[in-house]
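# Topology and contacts: notes
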Amino acid sequence: MTIRSIFFAGCAVAALSAGAASADGTLVYCSEGSPEGFDPGLFTAGTTFDASSQPVYDQLAMFKTGTTETVPGLAESWEASDDGLEYTFHLRPGVKFHSSDIFTPTRDFNADDVVFTFERQLKADNPYHSLNGATWEYFESMSMPDLIKSIDKIDDMTVKFVLNRPDAAFVADLAMDFASIVSKEYADAMLAAGTPEMLNQAPIGTGPFKFVAYQKDAVIRYTKNQDYWQEGLPKLDNLIFAITTDASVRYQKLKANECQVMPYPNPADVEAMKADPDINLLQQEGLNVGYMAYNTTVAPFDNPKVRKALNMAMDKQAIIDVVFQGSGQVAKNLIPPTMWSYNDAVVDDPYDPEAAKKMLEEAGVSDLSMKIWAMPVQRPYNPNARRMAELIQEDFAKIGVNVEIVSYEWGEYLSRSRELDRDGAVLLGWTGDNGDPDNFLAVLAGCDAVGNSNRAQWCYQPFEDLIQKAKLETDQAERTKLYEEAQVIMKEQAPFATIAHSVVYMPVRKEVQGYKVHPLGGHIFTEVSLSE
Amino acid sequence: MLRLILFRLATFIPTFFGVTLVTFAFIRVLPGDPIVVMAGERGLSAERYAELMHQFGFDQSLPVQYWDYLWGVLHGDLGLSLVTRKPVSTEFFALFPATLELSICAMIFAVLMGIPAGVIAAVYRGRLFDRALMSSALVGYSMPIFWWALLLIIVFSGNLNWTPVSGRIDLLYYFPAVTGFMLIDSLLSGQSGAFGSAVQHLILPTIVLGTIPLAVIARQTRSSMLEVLSEDYIRTARAKGLSPWRINGVHALRNGMIPVVTVIGLSVGTLLGGAILTETIFSWPGIGKWMVDSIFRRDYPVVQGGLLMIALMVMVVNLVVDLLYGFINPKIRKR
């Protein structure tokens, strides 16, 4: 056979088989980037979790897909002690770990796996703790090393976490990706074989899909876990990630049925997607906020009246229309409306340049010049910070405030904006980790976070007291009241101009059934199926 | 000839050390550091920052860091990626075949199209073909790769459905990488249709990446052919009554090729640069995309290791080109 005839025969077969991709229960997901690895404990990027913790692993408690509600996962049930310092988890029996070419489990999931999962992140003497420069950054940044006193195996199916202080968000924290349960038996086997890095390269979990292969920057393949503990799931036989970094190219692939689901469309393509008969455009408000943080320690921004006046001069709706091209909504609170305890009774400062001007005069401020920092990167909560800064500049000019826009390289931006004596208001944002209001209010506006993730450098005792009290309270109704009150105080004090919550769009092909946009940002295929 | 080889090799060594220093310095000149970028919006405490700086050895003085790096390089160790924690050399050799395959195809495309086009343009100087060719070469040279690639995808993949949008092979085919070259691996796999699919996937990226070298080669071939064609010995050949084919194709072309070979050699650098954009758009898993991602993440070991490997590659190609001159032009051998 000549090369030419091989080529044409190949084309014919490829053409015949191209349409068959969706028929045999194989779904192709055009993912936006490469995972850093497959051990979710080691990393912090959502792209990595999509490829590791979501398909391959489970957690003790899990988020119900499409919500921020925690439901039983590998733990069937749990209870907290009255002082909130001890959490006892009752593990699910009969859960099987995956098997692969290099590993076949000899036992079911048990308490040893849970203890190992957390101790490798917590204890310096665990052989996996410092392997290949591991830093366990998510575990660290959620303050787990300070929070967890010990993890005790009570019996094979019971584990007790002892905490140093009560934390109402603890169960939600354990539903996060870094808390994915890994197999101790696999870890021991790989350590004995001298290849501990396999835990990160060829993951073994209990999740709905088994990892098959990863070709860097190109393809990740998974196959159905036939022994999955959730009856009837997953529905797909095979799951393939086709790594496609360019959003326009992802859209072309979706149109050509080279993939059936894609994340992060270009805002400019959204209209065309809505009109496309082959595509369902799913959408949900993202669990995020884009804000502008004043430096509340520097005059005149230490005066709430000045901050309030500036907020009133800002035409937020115009920003949503121009910067988000409609795929966003005005933020009146720091937490998004999909989150429990969102206080809808809070009234946003009206857009009123005249009143704003007057308020500034009353505060004795004239000829104000300020800097606004514009991020150099795109984020869901702020797709174009430069443009946003320009719009605010125009708005502020109307009340006689002169704005200079500054920007730095991203790493510089992040570290300089933390400085206590920073000059100017910073555009930035936040995407929630665990669906708990504490994860917004304490991280972004708590006293402990001043000089770090609290870019407003705002430490206000009445507010702080409320969020600290809420953190120790385990009754959600009580917590809701406290957080609602905290949001009222924040509106009065205006340490931030809360600007927008983005809308997350998720284009899927018509034959994709059961896909739910997850508010925490993950892309989950457990309940997805394909119809002909 | 031996002297030439030895001389070229001798200049190779200082260049190599220079490159290690430049690659080491380059990434450190950029503002921002990997640890801050890793922490993102969340940030991290000053103590934790210092701890991580120490863990990765970034708290040591620059000369010490450079020495550690150089020592590693001389022992064939490029370090671990800060992001994936895998050896840089492992990642490089996993991705490089994809870039090499695409670059070779693009170069073959550029040479096979560019040299004949340049020769024909020179022979028919001033005619319609010449003018059309030279204007399209100018357009090809100045066209933004990003735009050109998207245009081809929308027309040929989107509207006409002739070629796949991106990737290296249809995802239905699955076989382990043996050589890393998809054209070879797909044949080795024995799966029917795999090779055809790999070829189809190569078409658009090859055209996109080959466009600029094609334009440069066509223009260079034309101008050096024009120069040669006006030489006395060509007139002599004509006077002898040799066929135009023999005059243009043998006598003129061989001498006209010297500058063209130089351009081809220099294009290797351009190809690797163009590969960055081409790979990003076509989701081609090569080193270009890998380098760009690593620069954004300030993954020092990957950037310095990857740049060093690319620089070595360009140096080797240029060495080969220098030696090729000797082959084409005997005068150079004597120097």
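Provided above is the structure to which this section pertains.
So, a few notes on the structure that sits alongside this text. Everything quoted here is computed from the prediction, not taken from an experiment.

This brings us to the pattern of salt bridges. Residue and element names in this part refer to chain A. Here the structure, examined in full by the defined rule, presents 29 salt bridges over all chains. Across the pair Glu86 and Lys160 runs a salt bridge whose closest N-O atoms are separated by 3.7 Å. With Glu86 in strand E5 (residues 86-91) and Lys160 in strand E7 (residues 158-163), this residue pair connects regions lying 74 residues apart in the sequence. Of the residues examined, Lys160 reaches a relative accessible area of 22% and is grouped as partly exposed. Lys184 serves as the salt-bridge partner of Asp188, at 2.9 Å between the closest nitrogen and oxygen.

Next up on the list: the packing of helix H12 (residues 304-312) of chain A against helix H14 (residues 353-362) of chain A. Residue and element names in this part refer to chain A. H14 packs onto H12 with a crossing angle of 160 degrees between their chain directions and a minimal axis gap of 8 Å. With respect to their mutual orientation, H12 and H14 come out roughly antiparallel. With respect to the hand of their crossing, H12 and H14 are arranged in left-handed fashion. On H14, the residues touching Lys305, Val306, Lys308, Ala309 and Met312 of H12 are Pro353, Ala355, Ala356, Met359, Leu360 and Glu362.

Contacts between chain A and chain B engage 63 residues on the former and 52 residues on the latter. Taken together, the connections running from chain A to chain B amount to two salt bridges. As a salt-bridge pair, Glu91 of chain B and Lys216 of chain A come within 3.7 Å of each other at their nearest N and O atoms. Run the count over chain A and chain B and you get seven residue pairs in polar contact (both at pLDDT 80 or more). Counting residues per element, the side of chain A that touches chain B draws most heavily on helix H1 (residues 3-18) of chain A, at nine residues.

Moving on: the packing of aromatic side chains. Residue and element names in this part refer to chain A. A full pass over the atoms with the stated rule returns 39 aromatic pairs over all chains. Residues Tyr87 and Phe170 carry aromatic rings whose centres are separated by 5.1 Å and whose planes lie at 50 degrees to one another, so their mutual orientation is tilted. Taken together, the positions of Tyr87 in strand E5 and Phe170 in helix H7 (residues 170-174) put the pair 83 residues apart, joining distant regions of the chain. As far as the burial class goes, Tyr87 and Phe170 line up, both buried. Arranged with centres 6.1 Å apart and planes meeting at 15 degrees, the rings of Tyr294 and Phe301 form a pair that is stacked. A residue is classified by how much of its surface remains accessible, and Phe301, at 9% relative accessible area, is buried. Every member of this aromatic cluster is reached through a ring pair, and the members are Tyr29, Phe38, Phe211, Tyr214, Tyr222, Phe241, Tyr515 and Phe525. Sitting above the plane of the Tyr251 ring, Lys255 keeps its charged end 5.1 Å from the centroid.

Take helix H4 (residues 62-74) of chain B next. Taking 1.5 Å as the rise per residue, H4 of chain B with 13 residues should run 18 Å; its terminal C-alpha atoms sit 18 Å apart, in good agreement. Gly76 of chain B occupies a position one or two residues after H4 of chain B and carries a positive phi of about 75 degrees.

Another point: the sheet that holds strand E1 (residues 26-29) of chain A. Residues and elements named next belong to chain A. Taken together, four strands build an open sheet; the order of strands is E1-E10-E9-E8 and the sheet is mixed. Across the chains shown, the open sheet's two edge strands, defined by having one partner strand only, are E1 and strand E8 (209-215). Ignoring which end each strand starts from, the neighbouring axes of this sheet average 20 degrees apart. When E1 meets strand E10 (residues 238-242), the two strands line up parallel, connected through four bridges.

Cut-offs applied
Residues numbered from 1 in each chain as written. Chains lettered and ligands numbered in written order. Predicted model: local features only at pLDDT ≥ 70, side-chain atom pairs only at ≥ 80, totals over all residues. Heavy atoms only, no water. Salt bridge = Lys/Arg side-chain N within 4 Å of Asp/Glu carboxyl O. Helix = DSSP H or I, 4+ residues; strand = E, 2+ residues; numbered from the N terminus. Buried < 20%, exposed > 50% of the residue type's maximum accessible area, 1.4 Å probe, protein only. Axes fitted to C-alpha atoms, helices over the stretch in contact; angles between N-to-C directions. Parallel < 35°, antiparallel > 145°, perpendicular 65-115°, else oblique. Left-handed = near helix turned anticlockwise from the far one by under 90°. Contact = heavy atoms within 4.5 Å. Polar contact = N/O pair within 3.5 Å; in protein donor to acceptor, adjacent residues only side chain to side chain. Phe/Tyr/Trp six-rings, centres within 6.5 Å; stacked < 30°, edge-to-face > 60°. Lys NZ or Arg CZ within 6 Å of the ring centre and 35° of its normal. Expected span 1.5 Å × (residues − 1). Pairing = 2+ DSSP bridges.

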